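# Examination of the molecular architecture
Now for the letters of each chain:
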Amino acid sequence: MAVKEEEFNFAKNDKFNTAMIPGKFARAMRTCKIWQFIRFVIINIKMIIVVGKSH
Amino acid sequence: MARLVVLGGGVAGHTAATFAADWLGKEHEVVVVTPNSKWNWIPSNIWVGVGGMTKEDVTFDLAPVYEKAGITYKQAKAVSINPEGNGSTDKSFVTIEFTGQGKAGQSEEITFDYLINATGPKLNFGATPGLGEGSNLGEFTVSVCTADHADHAAHELKKVMDKMRKGERQKILVGTGHGMCTCQGAAFEYIFNIEHEIRKAGLRDMADIQWISNESFMGDFGMGGLHMKVGGYVVSSRIFTESLFAERGVNYITGAHVNKVEKGKVTYELLDGSIGEETFDFSMLIPPFAGVGLKAYNKAGEDITDTVFAPNGFMKVDANYTPKPYEEWKASDWPRTYQNPTYKNLFAAGIAFAPPHIISKPMKSPNGTMINPTPPRTGMPSGIMGKAVAHSVCDLIKHGPSAHLHEASMAEMGAACVASAGKGWLDGQAAAMTVYPVVPDFDKYPGTGRDTDYTFGEIGLAGHWIKHILHYLFIYKAKLKPFWKVIPE
Ligand SMILES: Cc1cc2nc3c(=O)[nH]c(=O)nc-3n(C[C@H](O)[C@H](O)[C@H](O)COP(=O)(O)OP(=O)(O)OC[C@H]3O[C@@H](n4cnc5c(N)ncnc54)[C@H](O)[C@@H]3O)c2cc1C
């Protein structure tokens, strides 16, 4: 069976082997425009709260 | 009429000077002494360094902005401070040496009522043999610390990518150039922006990309790492950082003190005392930071530099500098008002103040070499400090010496930080993070030292959008365009 592309790096060295590597779905969500727009709004709200607490 | 002199027109100094000029109005004078004619939005130098932006995109002329704000602008570098005056005057003054405005090389003494030292770091390339001389970058590696450096880095990177196109495999080495560096975040951004560009160009198989850092573990970032709440778990930044490196196939070496740089090769010592070598075709190594080397003299003309400044050249402020073991470090060691304890009319803000100690756990190799990151003082805390200090000085000028001083402790403020991992409106990525507080407080937050409700991080396109929007927003603010004051630091 062919190696899944996102799992290829596990075999490269011992450090990578014990790391947490995102799978296909997690990677796709990182550049999914609709999901990222929602995250954009949420991250901004979170950052504004921290900025507000810091001034 | 009182005079405030601000040394340095970077993040902290520009914030301090522009707010002070606005709050003080025409009744009092604000003078800025800074050696460059241009303001630089330093975080975007990363994109200049991969050819994604130009030098002009990240800089603008300071003179028209200061003219609009009613600020007296001296394109010069400060050389020394006489807080008690000298034999002929009781008034405090600073000696400056012009670098432009047609007076390059000439000296001037500027008297002041209050002084804010926001001179940032000396890029101490000279600390590592081969990395450079003094504050000048050497010939073997590149840097992204200034817009000019980043522009040069982009040209060198292009050459390396051209070689890959011709079928020559290339080795890229990015990280810290000394055991006592800070600013790992900038190197982290640069390595992933390079990886992103190389992948986009279809050349990823032709590049070996290697990270080298003085952090004892991945994700330390000079803050002892951080813990974030993700998917119901509270997780160390180490897990996330190692994950990104593994995902992108970037090898890493941690706990490394680079002690020599030669053409195409670095030598380093590791925390276990062993010595290693890494070769490279292209390398960007962050230099260690030091104070810019200002001197101080008393009325009699005696050198009092070690009274005003710490041995690393940063200005002493209201921190607790008593040496003590790591276990006894407290959040309360960190300064609140940034006022010099000896001379109450001197303040420091941004990188220019002397931290009481590092934040990460101190580490030493068996050979006695200190290998640990020094504390980061990123843009947001630097801006907040600049504003708080300007506020204090304005109140002192308006209400007299008993005025309340404003506070901005790094142990009580958070920081929002967006670390780019590749540029592109549709395919870019960045790690958007907040940390609260910057300096961990284990008395208040036992366990992680931080409030995990306000400490988070995630990577994605949204982070890139935020980073890119912040680029425009902060340049807009620094140019003092309408409503600049409502944009937070
Ligand atoms: C490549 C890179 C990327 C970064 N990315 C980020 C990021 O994404 N987010 C973030 O929060 N932070 C980032 N930082 C850190 C951020 O740039 C600093 O925290 C911030 O610039 C510190 O502000 P400062 O005012 O203390 O120093 P600076 O902004 O460096 O300003 C110091 C000023 O003092 C002037 N000066 C020097 N010597 C003298 C002298 N003798 N007399 C008078 N003036 C003098 C300098 O010319 C300069 O204008 C990055 C840093 C680098 C190098």
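Everything here concerns the structure above.
Below is a summary of the structure that appears in this document. Bear in mind the structure is a predicted one, so any value in this text is a computation, not a measurement.

Right, let's get into the overall build of chain A. Check the secondary structure of chain A and you find three helices and zero strands. What you see in chain A, going N to C, is helices and strands ordered as α-α-α. Computed over its C-alpha atoms, the radius of gyration of chain A comes to 17 Å, more than 25% above the 10 Å expected for a compact globule of 55 residues. Here the C-alpha coordinates of chain A stretch approximately 50 × 25 × 10 Å along the principal axes. Across the 55 residues in chain A, those meeting the buried criterion constitute 27%. Only carbon and sulfur atoms are counted for the fraction: they give 68% of the accessible area of chain A, which is about 3,900 Å². Between the averaged position of the 10 positive side-chain charges in chain A and that of its 4 negative side-chain charges there is a distance of 13 Å.

Think of interface size as the accessible area that goes away when the parts come together; that is how it is often given. At the interface, 43 residues of chain B touch 26 residues of chain A. Across the chain B to chain A interface the summed buried area is about 2,900 Å²; carbon plus sulfur atoms make up 68%. Across the chain B-chain A interface, the total number found is two salt bridges. Arg30 of chain A is the partner of Glu247 of chain B in a salt bridge, and the nearest nitrogen-oxygen pair spans 2.8 Å. Linking chain B to chain A there are 11 residue pairs in polar contact (both at pLDDT 80 or more). Listing elements by their share of the side of chain B that touches chain A, those giving two or more residues are helix 6 (237-248), strand 16 (251-253), helix 8 (379-399), strand 24 (415-420), strand 25 (430-435), strand 26 (456-460) and helix 9 (461-478) of chain B. Ranked by residue count, the leading element in the side of chain B that touches chain A is helix 6 of chain B, at eight residues.

Under the defined criterion, the tally for this structure stands at 18 aromatic pairs over all chains. Judged by centre distance (6.5 Å) and plane angle (20°), the ring pair of Phe37 of chain A and Phe40 of chain A falls under stacked. Here the residue Phe37 of chain A and the residue Phe40 of chain A both occupy positions in helix 3 (residues 33-54), the gap between them amounting to three residues, near one helical turn. The class of Phe40 of chain A is buried, set by a relative accessible area of 18%. A ring pair is formed by Phe188 of chain B and Phe245 of chain B, whose centres lie 6.2 Å apart and whose planes are at 50°; its orientation type is tilted.

Here the focus is unusual backbone geometry. Residues and elements named next belong to chain B. That bond from Tyr436 to Pro437 is cis: its omega, -10°, falls within 30 degrees of zero. Take Pro437: it is sitting in the loop between strand 25 and strand 26. Positive phi is not limited to glycine here, since Gln101 has a value of about 55°. Residue classification places Gln101 among the partly exposed positions, given a relative accessible area of 37%. Within the chain, Leu480 stands out as a residue other than glycine whose phi angle is a positive 60°. On the secondary structure map, Leu480 appears in the segment after helix 9. Under the relative-accessibility criterion, Leu480 is labelled buried at 11%.

This brings us to the nonpolar core. Core analysis: the biggest nonpolar cluster contains 148 residues, and Ile81, Val94, Tyr190 and Trp211 of chain B have the highest contact counts within it. Those residues in contact with Trp211 of chain B, other than ones at most four positions away along the chain, are Val174, Gly175, Gln184, Ala187, Phe188, Ile191, Met218, Phe245, Val250, Asn251, Tyr252 and Ile253 of chain B.

Looking now at the environment of Val230 of chain B. Considering the arrangement of structural elements, one finds Val230 of chain B in strand 14 (residues 227-230). Judged by its relative accessible area of 28%, Val230 of chain B falls in the partly exposed class.

Here we take up the pattern of salt bridges. Residue and element names in this part refer to chain B. If you walk through the whole model with that rule in mind, you get 32 salt bridges over all chains. Arg3 is the partner of Glu29 in a salt bridge, and the nearest nitrogen-oxygen pair spans 2.8 Å. Taken together, the residues span a long stretch of sequence, with Glu29 in strand 2 (residues 29-34) and Arg3 in strand 1 (residues 3-7) at a distance of 26 residues. With a relative accessible area of 17%, Glu29 lands in the buried category. Here Lys229 and Asp453 are joined by a salt bridge, their closest N and O atoms 2.9 Å apart. Residue Lys229 is found in strand 14, and its partner Asp453 is found in the loop between strand 25 and strand 26; the two are separated by 224 residues along the sequence. Exposure remark for Asp453: the relative accessible area of 56% places this residue in the exposed category.

Let us now look at the sheet that holds strand 24 of chain B. In sheet architecture, strand pairing relies on hydrogen bonds along the backbone and comes in two forms, parallel and antiparallel. All names here are of chain B. The antiparallel open sheet is built from three strands, whose spatial order is 24-25-26. The two strands at the open ends of the sheet, each matched to only one other strand, are strand 24 and strand 26. Across the sheet, the mean angle separating the axes of adjacent strands is 10° when strand polarity is ignored. Strand direction decides the pairing type here: strand 24 and strand 25, joined by six bridges, are antiparallel. What sits directly across from Ser420, in strand 25, is Ala430. Across the face of the sheet, helix 9 comes into contact with strand 24, strand 25 and strand 26 while running at roughly 105° to strand 24.

What follows concerns the side chain of Glu269 of chain B. All names here are of chain B. Along the chain, Glu269 falls in strand 18 (residues 265-270). No salt bridge is formed by the buried Glu269, whose closest oppositely charged neighbour, Lys364, lies at an N-O distance of 11 Å. Among the polar contacts listed, one links the side chain of Glu269 to the side chain of Ser365, at a separation of 2.4 Å. A polar contact of 2.9 Å, which involves the side chain of Glu269, links it to the side chain of Thr369.

About the criteria used
Residues numbered from 1 in each chain as written. Chains lettered and ligands numbered in written order. Predicted model: local features only at pLDDT ≥ 70, side-chain atom pairs only at ≥ 80, totals over all residues. Heavy atoms only, no water. Helix = DSSP H or I, 4+ residues; strand = E, 2+ residues; numbered from the N terminus. Rg over C-alpha atoms; globule rule 2.2 N^0.38 Å. Buried < 20%, exposed > 50% of the residue type's maximum accessible area, 1.4 Å probe, protein only. Areas by Shrake-Rupley, 256 points an atom, 1.4 Å probe, with all protein chains shown as cover. Lys, Arg positive; Asp, Glu negative; His and termini not counted. Charge placed at Lys NZ, Arg CZ, Asp CG, Glu CD. Contact = heavy atoms within 4.5 Å. Buried area = accessible area lost by both parts, 1.4 Å probe. Salt bridge = Lys/Arg side-chain N within 4 Å of Asp/Glu carboxyl O. Polar contact = N/O pair within 3.5 Å; in protein donor to acceptor, adjacent residues only side chain to side chain. Phe/Tyr/Trp six-rings, centres within 6.5 Å; stacked < 30°, edge-to-face > 60°. Core = buried A, V, L, I, M, F, W, Y, C linked by side-chain atoms within 4.5 Å. Pairing = 2+ DSSP bridges. Axes fitted to C-alpha atoms, helices over the stretch in contact; angles between N-to-C directions.

So far we have only geometry, and geometry alone does not tell us how the molecule works.
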